[in-house]
Amino acid sequence: MAKVTGIKVKGIGSYVPEAIATNEDFAKIVDTSDEWITQRTGIKTRHITNGEPNYYLGARAAEKAIADAGIEPTDIDLIIVATCTPDFYTPSEACLIQREIGAIGSMAMDINCACTGFDYGVDMAKRYLQSDDDVHTVLLIAAEELSKFVDYTDRSSCILFGDGAAAFVLQKQENALYASYLGADGNGAKFLAARALKSENVFRTNKEEFDMDMPELKDYFFTQDGKEVYKFATKALPNAVLKACEKAGISPEELDAIVPHQANVRIIETAAKNLGVSMDKMVVYIDRYGNTSSASIPMAFCDAVAEGRIKRGDKICLVGFGGGLTYAAVVFEY
Ligand code: COA
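Scoring rules and cut-offs
Residues numbered from 1 in each chain as written. Predicted model: local features only at pLDDT ≥ 70, side-chain atom pairs only at ≥ 80, totals over all residues. Heavy atoms only, no water. Patch = residues over 30% accessible without salt bridge, like charges linked within 9 Å, V, L, I, M, F, W, Y side chains within 5 Å. Areas by Shrake-Rupley, 256 points an atom, 1.4 Å probe, with all protein chains shown as cover. Salt bridge = Lys/Arg side-chain N within 4 Å of Asp/Glu carboxyl O. Helix = DSSP H or I, 4+ residues; strand = E, 2+ residues; numbered from the N terminus. Buried < 20%, exposed > 50% of the residue type's maximum accessible area, 1.4 Å probe, protein only. Core = buried A, V, L, I, M, F, W, Y, C linked by side-chain atoms within 4.5 Å. Contact = heavy atoms within 4.5 Å. Phe/Tyr/Trp six-rings, centres within 6.5 Å; stacked < 30°, edge-to-face > 60°. Lys NZ or Arg CZ within 6 Å of the ring centre and 35° of its normal. Near = heavy atom within 4 Å. Polar contact = N/O pair within 3.5 Å; in protein donor to acceptor, adjacent residues only side chain to side chain. Nonpolar A, V, L, I, M, F, W, Y, C, P; charged D, E, K, R; others polar. Axes fitted to C-alpha atoms, helices over the stretch in contact; angles between N-to-C directions. Parallel < 35°, antiparallel > 145°, perpendicular 65-115°, else oblique. Left-handed = near helix turned anticlockwise from the far one by under 90°. Pairing = 2+ DSSP bridges.

## Notes on a nonpolar patch on the surface
Residues Phe-210, Met-212 and Met-214 make up a contiguous nonpolar surface patch of roughly 350 Å² in combined accessible area. You can see Met-214 is positioned in the loop between strand E8 (192-194) and strand E9 (222-224). Assessed through its relative accessible area of 36%, Met-214 is described here as partly exposed.

Quick look at the structure:
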């Protein structure tokens, strides 16, 4: 097992909005049923915002992680927020959360790697902690309000998504188990997409649409090719775990828990089979929250810790896949 400069998870916290949408609620708005959703996805309920913005979710999760770490907001040197559903183009979600929690003065930035954002964020935090003498404490948050761009007339996608946030306080740890494997395949960009504002500046004379090789999108709504994403995910997930474990010098069986992106329980079951590990190793809370994009991995991690399924000293792999298409796995000791 390779020991390197890695991360110490000082504190964790998660937050979901109070309002819940059940499968029965969806059966009232689209042609679907609890039976179909449960069998094809494993989802039962999701939490959905009721007016509270995305940064509010992130700030509440951050406050819990800061309290858990036993630090003050002013101890934070860098805030990284993973999100693909920010409240504004500018300011960043990180600046809004910084203001909300009173961590003024820290560096603050957003990253968008869709559902893989938390893994990318852990790796970025690790690199700052390792190489920047001014960075001792990183607050990494994933905050997502997917209900903002879900098309609630599209039964094949609207039933999948929920809102939520989670945060880790991270510091440097010498002689630690740590490895990461991150990547992307932009050829799959068109399989998961939500459009930002189109250019309509006053000087524009060319009214033709530029061919971006992306799907026709309804306003700014999210769209996906579910089958393509499913095929990609069932390969990318086990492959990322294997590659990260290889770099860490351990086998997947030696992991105490694998925390995968919570998109579809069938994707997770197939990945477990391909990896040759039992489902007991896979942390799954998709029934409670649906797919909350980048927040799903740390939210599941927090629930697993609260329920005693993940303990201090456990060898963990966080593994994500999603829009981009992106994929990533990080291995560390909690
Ligand atoms: N309720 C009832 N029927 C539904 C439905 C719903 N909510 N959504 C789709 N269907 C129907 C389809 O219209 C289709 O009907 P047809 O056979 O009459 O055409 C049938 O169910 C089967 O559709 P299919 O797309 O083959 O279902 P599936 O088993 O592949 O499940 C997804 C669809 C979207 C759940 C699945 O492909 C998936 O999870 N993909 C990955 C999506 C994902 O993870 N996205 C985010 C990644 S970060």
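## A look at the nonpolar core
Counting 51 residues, the largest nonpolar core has Val-241, Leu-255, Ile-258, Met-282, Cys-317, Val-319 and Val-331 as the members making the most contacts within it. Looking at this core, the elements that each hand over two or more residues are strand E7 (163-184), helix H7 (226-248), helix H8 (265-275), strand E11 (315-322) and strand E12 (326-333). With 10 residues, H7 is the single largest residue contributor to this core. Excluding residues that lie within four positions of it along the chain, Ile-258 makes contacts with Val-241, Leu-275, Val-277, Lys-281, Met-282, Val-283, Cys-317 and Val-319.

## Focus on the packing of aromatic side chains
Enumeration according to the criterion identifies 11 aromatic pairs in this entry. Centroid distance Phe-149 to Phe-222: 5.8 Å. Interplanar angle 15 degrees. Geometry classified as stacked. One end of the pair, Phe-149, is in the loop between strand E6 (138-145) and helix H6 (155-158); the other, Phe-222, is in strand E9, and 73 residues separate them in sequence. In terms of burial, Phe-149 and Phe-222 fall into one category: buried. One residue, Arg-60, lies across the ring of Tyr-56, its end atom 4.5 Å from the ring centre.

## A word on the site of the ligand
Close contacts around the ligand come from 19 residues, with Thr-32, Arg-40, Gln-224, Lys-227 and Asn-264 the closest. Residue Arg-155 places a main-chain N or O atom 2.9 Å away from a nitrogen atom belonging to the ligand. At a separation of 3.3 Å, an oxygen atom of the ligand approaches a polar side-chain atom of Arg-266. Calculation on the ligand without its partners gives an accessible area of 970 Å², and the protein chains cover 74% of this total. Counting only elements with at least two residues in the shell around the ligand, the list comes to helix H2 (34-41), H6 and H7. Of the residues contributing to the shell around the ligand, the split by class is six nonpolar, eight polar and five charged.

## So, the pattern of salt bridges
In total, this model carries 13 salt bridges according to the counting rule given. For the salt bridge of Asp-213 with Lys-190, the shortest nitrogen-to-oxygen distance reads 3.8 Å. Residue Asp-213 is located in the loop between E8 and E9, and its partner Lys-190 is located in the loop between E7 and E8; the two are separated by 23 residues in the primary sequence. Close ionic contact of Asp-303 with Arg-288 constitutes a salt bridge, the shortest N to O distance being 2.8 Å. Of the two residues, Asp-303 is situated in helix H10 (residues 296-306) and Arg-288 in helix H9 (residues 286-289); the sequence distance between them amounts to 15 residues. Residue classification places Asp-303 among the buried positions, given a relative accessible area of 10%. Under the relative-accessibility criterion, Arg-288 is labelled partly exposed at 28%. When salt bridges with common partners are traced through the structure, they connect Arg-60, Glu-63 and Glu-100 into a single cluster.

## Points about the environment of Ala-184
Assignment of secondary structure puts Ala-184 in strand E7. Ala-184 sits 144 residues away from Ala-328 along the chain, and the two C-alpha atoms are 8.4 Å apart. For Ala-184, the contacting residues outside a window of four places in its chain are Tyr-120, Leu-325, Thr-326 and Tyr-327.

## Some words on the environment of Ala-196
Within the secondary structure, Ala-196 is located in the loop between E8 and E9. Residue Ala-196 is classed as partly exposed on the basis of its relative accessible area of 43%. Placed 83 residues apart in sequence, Ala-196 and Cys-113 show a C-alpha to C-alpha distance of 15 Å.

## Here we look at the packing of H7 against H8
Orientation of H7 relative to H8, taken along the N-to-C sense of each, is 45 degrees, at an axis distance of 9 Å. It follows from the interaxial angle that H7 and H8 lie oblique. Where H7 crosses over H8, the handedness of that crossing is right-handed. In contact with Tyr-230, Ala-233, Thr-234, Leu-237, Pro-238, Val-241 and Leu-242 of H7, H8 contributes Arg-266, Ile-267, Thr-270, Ala-271, Asn-274 and Leu-275. When the residues that make up the contact of H7 with H8 are grouped by side-chain class, the tally is nine nonpolar, three polar and one charged.

## Considerations on the pairing of E11
Most of E11 is tucked away, with eight of its eight residues classed as buried. The alternating pattern of E11 places Lys-315, Cys-317, Val-319 and Phe-321 on one face and Ile-316, Leu-318, Gly-320 and Gly-322 on the opposite face, and all of these are buried. Relative to E11, strand E10 (residues 257-260) is paired through four bridges, and the arrangement is parallel. Bridge assignment links Ala-257 to a residue of E11, and that residue is Ile-316. Pairing between E11 and E12: eight bridges, direction antiparallel. Paired with Gly-320 across the bridge in E12 is Ala-328. Where E11 hands over to E12, the hairpin turn is made up of three residues, of which Gly-324 adopts a positive phi near 145 degrees.

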